[in-house]
Amino acid sequence: MNQFTPYLPAIEKALRKLDAWRSQFGAQNDITELTEIESILDKLEERLEGNYPFHHPSYAGQMLKPPHPIAWLAYMLTATINPNNHALDGGPPTSEMEKEAVKELANMVGYGDTYLGHLTSGGTIANLEALFVSREIHPGKAIAATSNAHYTHRRMCRVLNTDFLEIPVDNFGNPDFEFIKTHADEIGTIVVTMGTTGLGTTEPLSKILEYSKTHGIRVHADAAYGGFFTLIKESLPKTEDWPCLYQADSIVIDPHKHGLQPYGCGSVLYKDPSVGKFYKHDSPYTYFTSDDLHLGEISLECSRAGASAAAFWATLQLLPLSSSGLGSILFKARSAALIFTDLLKKSSTFDLYQEPDLDIVGYFKIPEQKSTSEINKLSREVFNHGMNTNNPSEGFHLSLYKIPVSQFTARFHDYQAETDHVVLLRSVFMKEEHEEFVKTLVERIGI
Ligand SMILES: *Cc1c(COP(=O)(O)O)cnc(C)c1O
């Protein structure tokens, strides 16, 4: 999925038809000189080459990859109109597409036909909305999340003027249930991360749900990164957690992470549609063309790109939310992580930090002297070496991830703990091409 020019005839055909529709309404504006456009695009293109090769499987650094060509084409075509999904009349067709796409998401997580949900500009805003609803339901109570949760939860609690409680985790990432029990009366909502941004760890959703239900605590699943993995839940570890995703009161999933979308596409889903009442507003600017609770009425944001909805909808036409549709890509990502893990275990120069729950692997280079400061030095060396290799057929990109030293020494007893943190190497295998490429990547890194 890294060539776009083969699809140009398709976009040209669609654009011509859309231009014909536009021209029915009267004369076109004067057209900007093509040469001028070309010269600006030329300059832009040159600057874009300053990016890392995000499209290529030698890049396994951060959580990013290009959109699927269908998403890009649909976005581009729709953006020539620029509909706004803030209200049904801001973009009737794209609002319909948003509803259809969200219905598929709700179906994927097992919410069935009664739910409320919409797309957002990203995961942070989607989580903010879910936490806002949590606060409205449990005013004066805290929102709790583990130290592995996304950093924006704490920040958004400040925005919401709500207490944030950090649930400690043990050295293996397990939330401290004693802490939850001690603070049960203060907690209104627990955020459970299904795929942490660090190492893609999934937290014990089923256990937390079980406890929360009997204590009147809401559960919000932050599945911004991991949500689509529910499509291949049978092939994942921690088999008890994914099947109860539907029991969470709210869920956030980012189509712009594992859903092949350009940025600007998150989503929030609520199990109980009556939470729509918390959003209700009477904007003097949005007039109503339908009796439906329109999308602008159930979103904290006003303007939202209709193009994002069109892109996601179009992608779902090609890759439905099933194990053989979008799931097939998640499956390859997971498979790449497993092959990589296996090769790390066999390596005498590198070691695996922990078994991955999804497609993100943490590892380190084994130093001659077994100390954490030596690991940190080697991690930076490996990282820089990959980044600074200019030959595209030799370079590689990974990221660094810091963990508290106690988490490291709990797994590796024979290391001298000389530092507060251990800097791990981290590879994110989000692309389907990673499955094929992972062995080459291992050679390049020198594992
Ligand atoms: C990426 C991520 C977020 C934030 O989402 P954005 O789309 O980057 O705003 C929140 N939670 C988790 C678990 C994430 O991985």
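The model shown is predicted, which means the values in this text are computed figures rather than measured ones.

What counts and how
Residues numbered from 1 in each chain as written. Predicted model: local features only at pLDDT ≥ 70, side-chain atom pairs only at ≥ 80, totals over all residues. Heavy atoms only, no water. Helix = DSSP H or I, 4+ residues; strand = E, 2+ residues; numbered from the N terminus. Rg over C-alpha atoms; globule rule 2.2 N^0.38 Å. Buried < 20%, exposed > 50% of the residue type's maximum accessible area, 1.4 Å probe, protein only. Contact = heavy atoms within 4.5 Å. Areas by Shrake-Rupley, 256 points an atom, 1.4 Å probe, with all protein chains shown as cover. Lys, Arg positive; Asp, Glu negative; His and termini not counted. Charge placed at Lys NZ, Arg CZ, Asp CG, Glu CD. Near = heavy atom within 4 Å. Polar contact = N/O pair within 3.5 Å; in protein donor to acceptor, adjacent residues only side chain to side chain. Salt bridge = Lys/Arg side-chain N within 4 Å of Asp/Glu carboxyl O. Disulfide = S-S within 2.5 Å. Pairing = 2+ DSSP bridges. Core = buried A, V, L, I, M, F, W, Y, C linked by side-chain atoms within 4.5 Å. Domains from an automatic or database assignment. Axes fitted to C-alpha atoms, helices over the stretch in contact; angles between N-to-C directions. UniProt positions renumbered as here; feature names shortened; annotations may be inferred.

Engineer: What is the right way to read the overall build of the protein from this model?
Structural biologist: Of regular secondary structure, the protein possesses 14 helices and 11 strands. For 447 residues, the compact-globule formula gives about 22 Å, and the C-alpha radius of gyration of the protein, at 23 Å, lands near that figure. When the 447 residues of the protein are sorted by exposure, 51% land in the buried category. For the protein, the share of sequence-separated contacts (at least 6 apart) that also reach a separation of at least 24 residues comes to 72%. Of the accessible surface of the protein, which amounts to about 21,100 Å², a share of 52% is contributed by carbon and sulfur atoms. One way to put it: in the protein the 39 positive side-chain charges average out to a point 2 Å from where the 56 negative ones average out.

Engineer: Please explain the site of the ligand as it appears in this structure.
Structural biologist: Neighbouring residues of the ligand: 14 residues in total, closest Thr124, Asp222, Asp254, His256 and Lys257. Within the contact set of the ligand, an oxygen atom lies 2.7 Å away from a backbone nitrogen or oxygen of Gly123. Take Thr124: an N or O atom from its side chain is 2.5 Å from an oxygen atom of the ligand. Taken by itself the ligand offers 380 Å² of open surface, and the protein chains cover 87% of this. Going through the elements one at a time, helix H5 (123-137) and helix H9 (255-258) are the ones with two or more residues in the shell around the ligand.

Engineer: I keep staring at the pattern of salt bridges and nothing clicks. Help me out?
Structural biologist: Once the charged atoms of two side chains with opposite charge are near each other, the side chains can pair. Tallying each qualifying case throughout the model produces 14 salt bridges. A salt bridge links Asp342 to Lys346, with the shortest nitrogen-to-oxygen separation between them at 3.0 Å. Note that Asp342 and Lys346 are positioned in helix H11 (residues 326-346) at a spacing of four residues, about one turn of the helix. Relative accessible area serves as the criterion here: at 35%, Asp342 is assigned to the partly exposed category. Of the residues examined, Lys346 reaches a relative accessible area of 63% and is grouped as exposed.

Engineer: Explain the state of the cysteines to me, please; I cannot follow it from the model alone.
Structural biologist: Linking two cysteines covalently through their sulfur atoms gives a disulfide. Enumeration over the complete set of coordinates arrives at zero disulfides. The thiol of Cys302 is unpaired, and the distance to the nearest cysteine sulfur, on Cys265, comes to 18 Å.

Engineer: Got a minute to help me understand the pairing of strand S5 (residues 218-222) in this structure?
Structural biologist: Regular strands place side chains that alternate from one sheet face to the opposite one. Burial of S5 is extensive: five of the five residues sit out of reach of the surface. Side chains of S5 alternate between two faces, with Arg218, His220 and Asp222 and Val219 and Ala221 buried alike. Of the pairings in the sheet, the one linking strand S4 (residues 187-193) to S5 comprises five bridges and is parallel in character. Among the inter-strand pairings, Val191 is bridged to a residue of S5, identified as His220. Looking at chain direction, S5 and strand S6 (residues 250-253) are connected through three bridges and run parallel. Its bridge partner lying in S6, Ala221 is registered against Ile251.

Engineer: Could you clarify how one ought to interpret the nonpolar core in this entry?
Structural biologist: The tendency in soluble globular proteins is for nonpolar side chains to be buried as a group. Counting residues in hydrophobic clusters, the biggest one holds 68 residues, and the most contacted among them are Ile190, Phe228, Ile251, Leu326 and Phe408. Considering each element in turn, this core owes the most residues, six residues, to helix H4 (residues 92-109). Two domains each put at least three residues into this core: domain 1 (23-67 + 321-447) and domain 2 (88-318). Dropping the residues within four chain positions of it, Leu326 is found in contact with Phe228, Leu231, His258, Gly259, Leu260, Leu319, Pro320 and Leu321. In terms of nonpolar packing, the next biggest core, distinct from the first, is built from 23 residues, Val133, Leu160, Val191 and Val252 among them.

Engineer: How should the sheet that holds strand S3 (residues 164-167) be read in this particular structure?
Structural biologist: Two modes of strand pairing occur in sheets, parallel and antiparallel, and in both the strands are linked by backbone hydrogen bonds. Taken in spatial order, the seven strands make up an open sheet running S1-S7-S6-S5-S4-S2-S3, and their pairing is mixed. For this open sheet the edge positions go to strand S1 (116-120) and S3, each flanked by a neighbour on one side alone. Strand-to-strand, the axes of this sheet are offset by a mean angle of 20°, without reference to chain direction. Its contacts with the sheet put helix H6 (residues 152-159) on strand S2 (142-146), S3, S4 and S5, and the angle it makes with S3 is roughly 160°.

Engineer: Help me out: how do you make sense of the UniProt feature "modified residue: N6-(pyridoxal phosphate)lysine" (unreviewed entry) in the protein in this one?
Structural biologist: On the UniProt side, "modified residue: N6-(pyridoxal phosphate)lysine" (unreviewed entry) is annotated at positions that read Lys257 here. Along the chain, Lys257 turns up in helix H9. In contact with Lys257, other than residues within four places in its own chain, are Met63, Lys65, Ala224, Tyr225 and Met430.

Engineer: Looking at this structure, I do not really get the environment of Tyr111. What am I missing?
Structural biologist: With respect to the helices and strands, the residue Tyr111 is situated in the loop between H4 and S1. A residue is classified by how much of its surface remains accessible, and Tyr111, at 6% relative accessible area, is buried. Once the C-alpha coordinates of Tyr111 and Leu245 are considered, the two residues, 134 residues apart in sequence, prove to be 9.0 Å apart. Sequence-distant contacts of Tyr111, that is, excluding residues within four places in its chain, are made with Ala106, Tyr246, Ala248, Asp249, Ser250, Ile251, Leu269, Tyr270 and Lys271.

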